[in-house]
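What follows is the residue order along each chain.
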Amino acid sequence: MRQATSVRTSPTAGAPRRLAPTAAPLAGARALAPPSRAGAGRLAAALFAAALGLLASGCAPPARGPAAPPGPGVVESVRALGLGLDDPLALDARIVADLEATVGRAESPLQRFRHVVRYVTSRQSLHFQYSPFETFSAERAFYERRGDCLSFANLVNALARRVGLDTYFVYINDVPHHYEHGGWFFTSSHVAVGYSEGATNYVSDFPREPDEWTVLLFRRIADDDAAALYYNSIAADRLVAGQIEPAERILGHLVDRRVNAAEIYNNYGLVLNRRGQHAEANSVFDHAAARFPGYAPIYNNGASLAIAAGQPELATRWLERFDQAARADPFAHFVRGLEHYRARRFDRATDEFSAAAKAYDRSATSLAWLVRSQAEGGRRAEAAQSFRRLRALVPRSKLTRQLREHYPFLEAGGG
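Residues numbered from 1 in each chain as written. Predicted model: local features only at pLDDT ≥ 70, side-chain atom pairs only at ≥ 80, totals over all residues. Heavy atoms only, no water.

Engineer: Any details on the pattern of salt bridges? Residues and values, ideally.
Structural biologist: Summed over all chains, the structure comprises 11 salt bridges. Across the pair Glu-248 and Arg-275 runs a salt bridge, and its minimum N-O distance is 2.7 Å. Of the two residues, Glu-248 sits in helix H8 (residues 244-256) while Arg-275 sits in the loop between helix H9 (262-274) and helix H10 (278-291), which places them 27 residues apart along the sequence. A salt bridge links Glu-382 to Arg-379, with the shortest nitrogen-to-oxygen separation between them at 3.0 Å. Overall, the relative accessible area of 24% leaves Arg-379 in the partly exposed class. Salt bridges here are not isolated pairs; linked through shared partners, they connect Glu-134, Arg-140, Glu-144 and Arg-146. (Salt bridge = Lys/Arg side-chain N within 4 Å of Asp/Glu carboxyl O. Helix = DSSP H or I, 4+ residues; strand = E, 2+ residues; numbered from the N terminus. Buried < 20%, exposed > 50% of the residue type's maximum accessible area, 1.4 Å probe, protein only.)

Engineer: Describe in detail helix H4 (residues 109-121), supporting the description with residues and values.
Structural biologist: In this model H4 runs 19 Å from its N-terminal to its C-terminal C-alpha over 13 residues, within 8% of the 18 Å that 1.5 Å per residue would give. Along H4, the positions that sit buried rather than exposed are Leu-110, Arg-112, Phe-113, His-115, Val-116, Val-117, Tyr-119, Val-120 and Thr-121. (Expected span 1.5 Å × (residues − 1).)

Engineer: Give me the pairing of strand S8 (residues 190-197): which residues, what numbers.
Structural biologist: Most of S8 is tucked away: 6 of the 8 residues are buried. Taken together, the 5 bridges between S8 and strand S9 (residues 200-204) define a ladder with antiparallel strand orientation. From the neighbouring strand, Val-193 faces S9, where its bridge partner is Ser-204. The antiparallel hairpin formed by S8 and S9 contains 2 residues in its connecting segment, where Gly-198 sits at a positive phi of about 65°. (Pairing = 2+ DSSP bridges.)

Engineer: Give a detailed account of helix H7 (residues 223-240), specifying residues and quantitative values.
Structural biologist: A rise of 1.5 Å per residue sets the reference length of H7, with its 18 residues, at 26 Å; its end C-alpha atoms lie 26 Å apart and thus fit the reference within 8%. When you tally the buried positions in H7, you get 15 out of 18 residues, the bulk of the element. The first or second residue beyond H7 is Gly-242, which carries a positive phi of 85°.

Written out as C-alpha coordinates, the structure is:
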(Lines give C-alpha, C1' and ligand atoms only; values in the text may rest on other atoms or scores of the structure.)
Protein backbone atom coordinates (compact mmCIF):
# COMPACT_ATOMS: atom_id res chain seq x y z
CA MET A 1 0.00 0.00 0.00
CA ARG A 2 1.41 3.36 -0.98
CA GLN A 3 0.43 5.22 2.16
CA ALA A 4 0.79 8.97 2.57
CA THR A 5 0.50 10.73 5.86
CA SER A 6 1.83 13.86 7.46
CA VAL A 7 5.00 12.46 9.00
CA ARG A 8 6.50 13.76 12.22
CA THR A 9 9.79 11.99 12.86
CA SER A 10 10.71 11.17 16.41
CA PRO A 11 13.29 9.03 18.20
CA THR A 12 10.41 6.95 19.53
CA ALA A 13 8.48 6.64 16.26
CA GLY A 14 7.08 3.15 15.94
CA ALA A 15 7.21 2.38 19.64
CA PRO A 16 4.17 0.49 20.93
CA ARG A 17 1.59 2.78 22.49
CA ARG A 18 -0.99 1.63 24.98
CA LEU A 19 -4.54 2.23 23.73
CA ALA A 20 -7.96 1.75 25.22
CA PRO A 21 -9.24 -1.84 25.23
CA THR A 22 -12.19 -1.06 22.97
CA ALA A 23 -12.26 0.48 19.52
CA ALA A 24 -15.08 2.30 17.77
CA PRO A 25 -15.92 0.98 14.28
CA LEU A 26 -15.58 3.58 11.56
CA ALA A 27 -16.15 3.78 7.86
CA GLY A 28 -13.28 5.33 5.97
CA ALA A 29 -10.58 4.64 3.44
CA ARG A 30 -7.43 5.75 1.90
CA ALA A 31 -8.31 6.60 -1.66
CA LEU A 32 -6.80 7.86 -4.87
CA ALA A 33 -8.50 9.37 -7.87
CA PRO A 34 -7.69 9.49 -11.57
CA PRO A 35 -6.40 12.83 -12.85
CA SER A 36 -9.10 15.47 -13.00
CA ARG A 37 -9.53 17.92 -15.83
CA ALA A 38 -10.60 20.38 -13.15
CA GLY A 39 -7.13 20.21 -11.58
CA ALA A 40 -5.83 19.64 -8.08
CA GLY A 41 -7.46 22.77 -6.69
CA ARG A 42 -10.85 21.07 -6.70
CA LEU A 43 -9.75 17.97 -4.84
CA ALA A 44 -11.29 18.84 -1.48
CA ALA A 45 -14.65 19.60 -3.05
CA ALA A 46 -14.40 16.50 -5.20
CA LEU A 47 -14.22 14.25 -2.19
CA PHE A 48 -17.74 15.23 -1.25
CA ALA A 49 -19.29 16.38 -4.53
CA ALA A 50 -18.24 13.50 -6.82
CA ALA A 51 -16.27 15.71 -9.19
CA LEU A 52 -13.61 12.99 -9.08
CA GLY A 53 -13.68 9.24 -8.77
CA LEU A 54 -11.97 7.87 -5.67
CA LEU A 55 -9.75 4.83 -6.14
CA ALA A 56 -9.40 3.26 -2.72
CA SER A 57 -5.93 1.89 -2.18
CA GLY A 58 -6.54 1.55 1.47
CA CYS A 59 -6.41 -0.35 4.65
CA ALA A 60 -9.89 -0.35 6.09
CA PRO A 61 -12.21 -3.31 5.58
CA PRO A 62 -15.00 -3.94 8.06
CA ALA A 63 -13.69 -5.74 11.14
CA ARG A 64 -14.58 -9.40 11.48
CA GLY A 65 -13.36 -11.79 14.11
CA PRO A 66 -9.87 -12.74 15.28
CA ALA A 67 -6.87 -12.82 13.00
CA ALA A 68 -5.95 -16.04 11.17
CA PRO A 69 -3.12 -16.98 8.79
CA PRO A 70 -3.78 -15.66 5.25
CA GLY A 71 -3.33 -19.01 3.48
CA PRO A 72 -4.69 -21.16 2.00
CA GLY A 73 -7.21 -18.49 1.05
CA VAL A 74 -6.39 -15.13 -0.48
CA VAL A 75 -2.59 -15.49 -0.63
CA GLU A 76 -2.45 -18.83 -2.41
CA SER A 77 -5.26 -17.98 -4.81
CA VAL A 78 -3.79 -14.63 -5.82
CA ARG A 79 -0.30 -16.05 -6.27
CA ALA A 80 -1.80 -18.69 -8.56
CA LEU A 81 -2.73 -15.93 -11.02
CA GLY A 82 0.86 -16.02 -12.29
CA LEU A 83 1.46 -12.29 -11.94
CA GLY A 84 4.60 -12.59 -9.82
CA LEU A 85 2.83 -11.68 -6.57
CA ASP A 86 4.43 -12.74 -3.30
CA ASP A 87 3.23 -13.82 0.14
CA PRO A 88 3.13 -10.64 2.25
CA LEU A 89 4.16 -12.46 5.45
CA ALA A 90 6.82 -14.88 4.16
CA LEU A 91 10.39 -14.69 5.55
CA ASP A 92 13.50 -16.45 4.29
CA ALA A 93 15.87 -18.49 6.44
CA ARG A 94 18.47 -15.73 6.73
CA ILE A 95 15.92 -13.32 8.23
CA VAL A 96 14.62 -15.91 10.67
CA ALA A 97 18.15 -16.76 11.84
CA ASP A 98 19.03 -13.10 12.40
CA LEU A 99 15.78 -12.55 14.26
CA GLU A 100 16.31 -15.51 16.57
CA ALA A 101 19.87 -14.42 17.32
CA THR A 102 18.91 -10.80 17.96
CA VAL A 103 15.49 -10.99 19.62
CA GLY A 104 15.18 -14.55 20.91
CA ARG A 105 12.37 -15.65 23.22
CA ALA A 106 13.70 -15.08 26.73
CA GLU A 107 11.72 -11.95 27.54
CA SER A 108 8.08 -11.65 28.56
CA PRO A 109 5.72 -11.53 25.54
CA LEU A 110 5.12 -7.78 25.86
CA GLN A 111 8.83 -7.05 26.18
CA ARG A 112 9.48 -9.30 23.20
CA PHE A 113 6.93 -7.33 21.15
CA ARG A 114 8.68 -4.10 22.06
CA HIS A 115 12.02 -5.68 21.22
CA VAL A 116 10.77 -6.69 17.77
CA VAL A 117 9.64 -3.13 17.09
CA ARG A 118 13.01 -1.76 18.23
CA TYR A 119 14.73 -4.35 16.05
CA VAL A 120 12.88 -2.95 13.02
CA THR A 121 13.07 0.78 13.80
CA SER A 122 16.29 1.46 15.73
CA ARG A 123 19.45 2.82 14.11
CA GLN A 124 21.44 -0.07 15.58
CA SER A 125 19.48 -2.69 13.61
CA LEU A 126 17.23 -2.34 10.54
CA HIS A 127 16.52 1.40 10.93
CA PHE A 128 13.36 0.99 8.84
CA GLN A 129 12.47 4.19 6.98
CA TYR A 130 9.03 5.41 6.02
CA SER A 131 8.51 5.55 2.23
CA PRO A 132 4.94 6.58 1.44
CA PHE A 133 4.62 5.30 -2.12
CA GLU A 134 6.05 1.80 -1.67
CA THR A 135 4.15 -1.26 -0.48
CA PHE A 136 6.33 -4.30 0.19
CA SER A 137 5.99 -7.80 1.55
CA ALA A 138 7.66 -8.53 4.90
CA GLU A 139 10.69 -10.14 3.25
CA ARG A 140 11.29 -7.33 0.79
CA ALA A 141 10.64 -4.69 3.47
CA PHE A 142 13.38 -6.35 5.57
CA TYR A 143 15.98 -6.06 2.81
CA GLU A 144 14.85 -2.68 1.49
CA ARG A 145 14.59 -1.32 5.05
CA ARG A 146 11.87 1.03 3.97
CA GLY A 147 8.22 1.07 2.94
CA ASP A 148 4.80 2.43 3.79
CA CYS A 149 2.69 1.60 6.82
CA LEU A 150 1.45 -1.71 5.37
CA SER A 151 5.05 -2.72 4.59
CA PHE A 152 5.93 -2.00 8.22
CA ALA A 153 2.89 -3.92 9.47
CA ASN A 154 3.72 -6.91 7.26
CA LEU A 155 7.31 -6.96 8.53
CA VAL A 156 6.58 -6.56 12.24
CA ASN A 157 3.73 -9.08 12.19
CA ALA A 158 5.85 -11.65 10.35
CA LEU A 159 8.82 -11.18 12.70
CA ALA A 160 6.74 -11.13 15.89
CA ARG A 161 4.93 -14.33 15.00
CA ARG A 162 8.26 -16.04 14.36
CA VAL A 163 9.17 -15.43 18.00
CA GLY A 164 5.88 -16.76 19.31
CA LEU A 165 3.73 -13.62 19.54
CA ASP A 166 0.06 -13.48 18.58
CA THR A 167 0.15 -10.09 16.87
CA TYR A 168 -2.45 -8.77 14.44
CA PHE A 169 -3.11 -6.03 11.92
CA VAL A 170 -4.76 -2.84 13.13
CA TYR A 171 -6.50 -0.25 11.01
CA ILE A 172 -6.12 3.25 12.43
CA ASN A 173 -8.56 5.88 11.29
CA ASP A 174 -7.76 9.54 11.62
CA VAL A 175 -8.51 12.61 9.56
CA PRO A 176 -7.09 11.94 6.09
CA HIS A 177 -4.51 14.10 4.37
CA HIS A 178 -4.63 14.86 0.66
CA TYR A 179 -1.69 14.78 -1.72
CA GLU A 180 -0.75 14.19 -5.34
CA HIS A 181 1.70 11.62 -6.66
CA GLY A 182 2.36 10.51 -10.21
CA GLY A 183 -0.64 12.40 -11.57
CA TRP A 184 -3.06 10.74 -9.14
CA PHE A 185 -4.82 12.17 -6.12
CA PHE A 186 -4.78 10.42 -2.77
CA THR A 187 -6.20 10.61 0.69
CA SER A 188 -4.49 8.60 3.38
CA SER A 189 -5.43 6.21 6.11
CA HIS A 190 -3.22 3.99 8.19
CA VAL A 191 -2.37 0.39 9.15
CA ALA A 192 -0.36 -0.61 12.22
CA VAL A 193 0.46 -3.68 14.35
CA GLY A 194 -1.31 -4.72 17.54
CA TYR A 195 -0.57 -7.00 20.46
CA SER A 196 -2.95 -7.68 23.35
CA GLU A 197 -2.49 -8.74 26.94
CA GLY A 198 -5.79 -9.24 28.67
CA ALA A 199 -8.03 -6.25 27.98
CA THR A 200 -5.15 -3.97 27.00
CA ASN A 201 -4.13 -3.42 23.38
CA TYR A 202 -0.64 -2.23 22.48
CA VAL A 203 -0.26 -0.70 19.03
CA SER A 204 2.93 0.09 17.16
CA ASP A 205 1.94 2.99 14.92
CA PHE A 206 4.80 3.79 12.54
CA PRO A 207 5.99 6.47 11.85
CA ARG A 208 3.66 8.93 13.53
CA GLU A 209 3.45 10.49 16.95
CA PRO A 210 -0.10 11.93 16.95
CA ASP A 211 -0.89 14.96 19.08
CA GLU A 212 -4.06 16.04 20.84
CA TRP A 213 -5.50 17.57 17.67
CA THR A 214 -5.53 14.21 15.90
CA VAL A 215 -8.61 12.00 15.97
CA LEU A 216 -7.30 8.45 16.09
CA LEU A 217 -9.49 5.35 16.41
CA PHE A 218 -8.52 1.80 15.62
CA ARG A 219 -9.90 -1.66 14.92
CA ARG A 220 -8.49 -5.12 14.35
CA ILE A 221 -8.25 -6.54 10.82
CA ALA A 222 -8.24 -10.24 9.95
CA ASP A 223 -5.12 -11.49 8.19
CA ASP A 224 -7.07 -12.56 5.12
CA ASP A 225 -8.47 -9.07 4.71
CA ALA A 226 -5.03 -7.52 5.28
CA ALA A 227 -3.63 -9.77 2.55
CA ALA A 228 -6.42 -8.72 0.20
CA LEU A 229 -5.63 -5.08 0.94
CA TYR A 230 -1.95 -5.73 0.23
CA TYR A 231 -2.80 -7.09 -3.22
CA ASN A 232 -5.28 -4.28 -3.69
CA SER A 233 -2.43 -1.82 -3.16
CA ILE A 234 -0.26 -3.70 -5.62
CA ALA A 235 -3.11 -3.38 -8.11
CA ALA A 236 -3.24 0.36 -7.42
CA ASP A 237 0.51 0.57 -8.04
CA ARG A 238 0.05 -1.09 -11.40
CA LEU A 239 -2.80 1.23 -12.29
CA VAL A 240 -0.62 4.25 -11.57
CA ALA A 241 2.03 2.68 -13.82
CA GLY A 242 -0.56 2.28 -16.59
CA GLN A 243 -0.74 -1.53 -16.27
CA ILE A 244 -4.51 -1.73 -16.32
CA GLU A 245 -4.89 -5.36 -17.42
CA PRO A 246 -2.97 -6.95 -14.50
CA ALA A 247 -4.65 -4.56 -12.08
CA GLU A 248 -8.03 -5.67 -13.40
CA ARG A 249 -7.06 -9.34 -13.03
CA ILE A 250 -6.01 -8.89 -9.41
CA LEU A 251 -9.08 -6.89 -8.43
CA GLY A 252 -11.49 -9.06 -10.42
CA HIS A 253 -10.11 -12.17 -8.73
CA LEU A 254 -10.55 -10.62 -5.28
CA VAL A 255 -14.11 -9.61 -6.15
CA ASP A 256 -14.83 -13.16 -7.34
CA ARG A 257 -13.64 -14.40 -3.93
CA ARG A 258 -16.11 -12.00 -2.28
CA VAL A 259 -13.42 -10.60 -0.01
CA ASN A 260 -14.56 -8.51 2.91
CA ALA A 261 -13.10 -5.18 1.77
CA ALA A 262 -15.23 -2.47 0.19
CA GLU A 263 -12.14 -0.80 -1.32
CA ILE A 264 -11.59 -3.67 -3.72
CA TYR A 265 -15.10 -3.49 -5.18
CA ASN A 266 -14.72 0.27 -5.41
CA ASN A 267 -11.43 -0.04 -7.29
CA TYR A 268 -12.71 -2.76 -9.57
CA GLY A 269 -15.61 -0.55 -10.60
CA LEU A 270 -13.19 2.25 -11.41
CA VAL A 271 -10.98 -0.06 -13.48
CA LEU A 272 -14.00 -1.25 -15.47
CA ASN A 273 -15.01 2.36 -16.02
CA ARG A 274 -11.48 3.21 -17.14
CA ARG A 275 -11.74 0.41 -19.72
CA GLY A 276 -15.03 1.80 -21.03
CA GLN A 277 -17.25 -0.83 -19.41
CA HIS A 278 -19.53 1.75 -17.83
CA ALA A 279 -22.59 -0.44 -17.29
CA GLU A 280 -20.51 -3.14 -15.65
CA ALA A 281 -18.83 -0.54 -13.44
CA ASN A 282 -22.18 0.83 -12.34
CA SER A 283 -23.34 -2.72 -11.55
CA VAL A 284 -20.26 -3.25 -9.35
CA PHE A 285 -20.96 0.02 -7.50
CA ASP A 286 -24.60 -1.04 -6.99
CA HIS A 287 -23.49 -4.38 -5.56
CA ALA A 288 -20.87 -2.77 -3.34
CA ALA A 289 -23.35 -0.20 -2.03
CA ALA A 290 -25.73 -2.99 -1.05
CA ARG A 291 -23.01 -5.03 0.64
CA PHE A 292 -21.14 -2.12 2.27
CA PRO A 293 -23.83 0.52 2.83
CA GLY A 294 -21.64 2.58 5.15
CA TYR A 295 -18.76 2.96 2.69
CA ALA A 296 -19.30 6.45 1.32
CA PRO A 297 -16.71 6.48 -1.56
CA ILE A 298 -18.88 3.96 -3.42
CA TYR A 299 -21.63 6.57 -3.68
CA ASN A 300 -19.15 9.27 -4.65
CA ASN A 301 -17.86 7.11 -7.48
CA GLY A 302 -21.35 6.13 -8.60
CA ALA A 303 -22.15 9.81 -8.86
CA SER A 304 -18.91 10.50 -10.69
CA LEU A 305 -19.75 7.79 -13.21
CA ALA A 306 -23.25 9.21 -13.72
CA ILE A 307 -21.89 12.74 -14.19
CA ALA A 308 -19.46 11.54 -16.84
CA ALA A 309 -22.29 9.65 -18.56
CA GLY A 310 -24.49 12.75 -18.65
CA GLN A 311 -27.06 11.33 -16.21
CA PRO A 312 -27.61 14.10 -13.64
CA GLU A 313 -30.66 12.49 -12.06
CA LEU A 314 -28.74 9.27 -11.37
CA ALA A 315 -25.85 11.34 -10.03
CA THR A 316 -28.22 13.12 -7.66
CA ARG A 317 -29.51 9.80 -6.33
CA TRP A 318 -25.96 8.59 -5.72
CA LEU A 319 -25.10 11.81 -3.90
CA GLU A 320 -28.20 11.51 -1.74
CA ARG A 321 -27.05 8.03 -0.74
CA PHE A 322 -23.59 9.45 -0.05
CA ASP A 323 -25.10 12.00 2.34
CA GLN A 324 -27.11 9.28 4.08
CA ALA A 325 -23.98 7.18 4.60
CA ALA A 326 -22.06 10.20 5.86
CA ARG A 327 -24.80 11.14 8.31
CA ALA A 328 -24.71 7.61 9.74
CA ASP A 329 -20.95 7.88 10.37
CA PRO A 330 -19.90 10.46 12.97
CA PHE A 331 -16.34 10.36 11.72
CA ALA A 332 -17.54 11.58 8.32
CA HIS A 333 -18.85 14.70 10.05
CA PHE A 334 -15.41 15.30 11.51
CA VAL A 335 -13.68 14.82 8.15
CA ARG A 336 -16.09 17.15 6.39
CA GLY A 337 -15.75 19.67 9.20
CA LEU A 338 -12.00 19.73 8.72
CA GLU A 339 -12.39 20.16 4.97
CA HIS A 340 -14.72 23.12 5.48
CA TYR A 341 -12.39 24.59 8.12
CA ARG A 342 -9.39 24.42 5.80
CA ALA A 343 -11.46 26.12 3.09
CA ARG A 344 -12.46 28.81 5.64
CA ARG A 345 -16.15 27.85 5.45
CA PHE A 346 -16.42 28.23 9.20
CA ASP A 347 -20.22 28.10 9.54
CA ARG A 348 -20.37 24.80 7.67
CA ALA A 349 -17.38 23.52 9.63
CA THR A 350 -19.18 24.41 12.86
CA ASP A 351 -22.24 22.40 11.81
CA GLU A 352 -20.12 19.34 11.04
CA PHE A 353 -17.95 19.57 14.17
CA SER A 354 -21.08 20.05 16.26
CA ALA A 355 -22.53 16.81 14.88
CA ALA A 356 -19.24 15.00 15.52
CA ALA A 357 -19.01 16.35 19.08
CA LYS A 358 -22.58 15.26 19.77
CA ALA A 359 -21.85 11.73 18.57
CA TYR A 360 -18.47 11.53 20.32
CA ASP A 361 -19.69 13.16 23.54
CA ARG A 362 -16.42 12.37 25.36
CA SER A 363 -14.12 13.46 22.53
CA ALA A 364 -12.03 16.44 23.59
CA THR A 365 -10.59 16.73 20.08
CA SER A 366 -14.02 17.11 18.44
CA LEU A 367 -14.95 19.78 20.97
CA ALA A 368 -11.67 21.62 20.46
CA TRP A 369 -12.19 21.77 16.71
CA LEU A 370 -15.73 23.00 17.32
CA VAL A 371 -14.32 25.83 19.45
CA ARG A 372 -11.84 26.74 16.72
CA SER A 373 -14.46 26.83 13.95
CA GLN A 374 -16.85 28.89 16.07
CA ALA A 375 -14.11 31.31 17.06
CA GLU A 376 -12.82 31.72 13.49
CA GLY A 377 -16.38 32.27 12.29
CA GLY A 378 -16.94 35.10 14.76
CA ARG A 379 -19.37 33.14 16.94
CA ARG A 380 -17.64 34.11 20.17
CA ALA A 381 -20.42 33.35 22.65
CA GLU A 382 -20.91 29.87 21.21
CA ALA A 383 -17.15 29.30 21.16
CA ALA A 384 -16.90 30.27 24.82
CA GLN A 385 -19.74 27.91 25.72
CA SER A 386 -18.10 25.04 23.84
CA PHE A 387 -14.80 25.91 25.51
CA ARG A 388 -16.40 25.59 28.94
CA ARG A 389 -17.61 22.11 27.97
CA LEU A 390 -14.10 21.24 26.83
CA ARG A 391 -12.47 22.55 30.01
CA ALA A 392 -14.90 20.55 32.13
CA LEU A 393 -14.00 17.43 30.15
CA VAL A 394 -10.19 17.93 30.12
CA PRO A 395 -9.32 20.79 32.52
CA ARG A 396 -5.51 20.51 32.21
CA SER A 397 -5.19 19.51 28.56
CA LYS A 398 -2.78 21.00 26.04
CA LEU A 399 -5.86 21.60 23.91
CA THR A 400 -7.39 24.04 26.39
CA ARG A 401 -4.06 25.84 26.88
CA GLN A 402 -3.53 26.28 23.15
CA LEU A 403 -7.06 27.55 22.63
CA ARG A 404 -6.73 30.08 25.47
CA GLU A 405 -3.47 31.34 24.01
CA HIS A 406 -4.89 31.70 20.52
CA TYR A 407 -8.32 33.05 21.50
CA PRO A 408 -7.94 35.12 24.70
CA PHE A 409 -11.62 36.06 24.66
CA LEU A 410 -12.50 32.50 25.70
CA GLU A 411 -11.38 33.23 29.27
CA ALA A 412 -13.67 36.27 29.34
CA GLY A 413 -16.67 34.15 28.44
CA GLY A 414 -16.89 35.22 24.80
CA GLY A 415 -17.35 38.93 25.28
